[in-house]
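# Coordinate analysis (summary)
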Amino acid sequence: MSATPIDTLLSALEPLDVPCERTTRSEFAETVADHLREPAVGVPLESLDVSLAETDVTVDPTPATLKTAATGVTPASFAIADYGSVVVPNTANGSELVSLFVDRHVAVVDEGDVVPNMEVAFDRFGEEFRERASSGVIATGPSATADMGELVRGAHGPSEVHLVVLEDDDE
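First things first, this report covers the structure right here in the doc. (Residues numbered from 1 in each chain as written. Predicted model: local features only at pLDDT ≥ 70, side-chain atom pairs only at ≥ 80, totals over all residues. Heavy atoms only, no water.)

Within a regular strand, side chains alternate between the sheet's two faces. Extensive coverage of strand S12 (residues 160-167) is indicated by the burial of seven of its eight residues. Where strand S1 (residues 20-24) meets S12, five bridges bridge the pair, whose relative direction is parallel. When the bridges of S12 are listed, Glu-21 appears paired with Val-164. Pairing geometry for strand S7 (residues 104-110) and S12, over seven bridges, is parallel. Residue pairing in the sheet places Ala-107 in a bridge with Leu-163 of S12. (Buried < 20%, exposed > 50% of the residue type's maximum accessible area, 1.4 Å probe, protein only. Helix = DSSP H or I, 4+ residues; strand = E, 2+ residues; numbered from the N terminus. Pairing = 2+ DSSP bridges.)

A few words on the nonpolar core. Counting residues in hydrophobic clusters, the biggest one holds 15 residues, and the most contacted among them are Leu-9, Ala-79, Val-86, Val-109, Val-114, Leu-163 and Val-165. Counting residues per element, the ones that place at least two in this core are helix H1 (5-13), strand S6 (85-89), S7 and S12. Those residues within four positions of Leu-163 in sequence are excluded, and the remaining contacts are Leu-9, Leu-13, Val-18, Pro-19, Cys-20, Glu-21, Val-86, Ala-107 and Val-109. Formed by 14 residues, the second largest nonpolar core is a distinct cluster that contains Phe-28, Val-32, Val-57 and Val-106. (Core = buried A, V, L, I, M, F, W, Y, C linked by side-chain atoms within 4.5 Å. Contact = heavy atoms within 4.5 Å.)

Before going further, it helps to spend a moment on empty space enclosed by the protein. Within the structure shown, the criterion is met by one cavity of 30 Å³ or more. Taken as a whole, the largest cavity holds about 60 Å³ of empty space. What lines the largest cavity is simply Leu-13, Val-18, Gly-84, Val-86, His-105, Ala-139, Thr-140, Gly-141, Val-161 and Leu-163. Residue classes in the lining of the largest cavity are distributed as six nonpolar, four polar and no charged. (1 Å grid on protein atoms, 1.4 Å probe; cavity = no way out; pocket = protein on both sides within 12 Å on 5 of 7 lines; lining within 4 Å. Points joined across faces, edges and corners; volume = space filled by probe spheres on them. Nonpolar A, V, L, I, M, F, W, Y, C, P; charged D, E, K, R; others polar.)

What follows concerns the sheet that holds strand S4 (residues 71-75). A sheet is described by the order of its strands in space; here six strands give the open sequence S1-S12-S7-S4-S2-S3, paired in parallel fashion. Two strands in the sheet have a free side with no partner beyond their single neighbour: S1 and strand S3 (57-59). Along the sheet, successive strands turn relative to each other by an average axial angle of 25°, direction set aside. By the bridge criterion, three bridges tie strand S2 (residues 40-42) to S3 in an arrangement that is parallel. Residue pairing for S3: Gly-42 is matched across the bridge by Val-59. (Axes fitted to C-alpha atoms, helices over the stretch in contact; angles between N-to-C directions.)

Written as structure tokens, this is what we have:
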């Protein structure tokens, strides 16, 4: 029996020290609250059919609010299962900034948007980014560097990444 893209994603995230939680849309606010360290900022998640309204997340932050934020919550366009990566789009509401200028990034992706591998991801990149003439960031785990010796997390982005996978509510 072959692994599903979600199973592969979970396996790939483990060695990256990226917690991943699966939740339903009805439980989303409670699930996200468990991953927040305040102050928290985020961008609207309408494309995922969930909202941050019932959380302690400031949506559409100002530059000053973003500068002091500990956690950023953004949508991911999709996840690449075998790499444990998420694709964060560059949007007018600042999702790329919210994902990069915080200590903890909480990315939210729909289970149907978890692709199995990079080959499928490249097909999706072309389709998605040509339509919007935009760009995005492929993020794989926390930012880290060992350029000058010991491994340092958070050198060029978040030192922690958490992933929330949205599943359909049982009917």
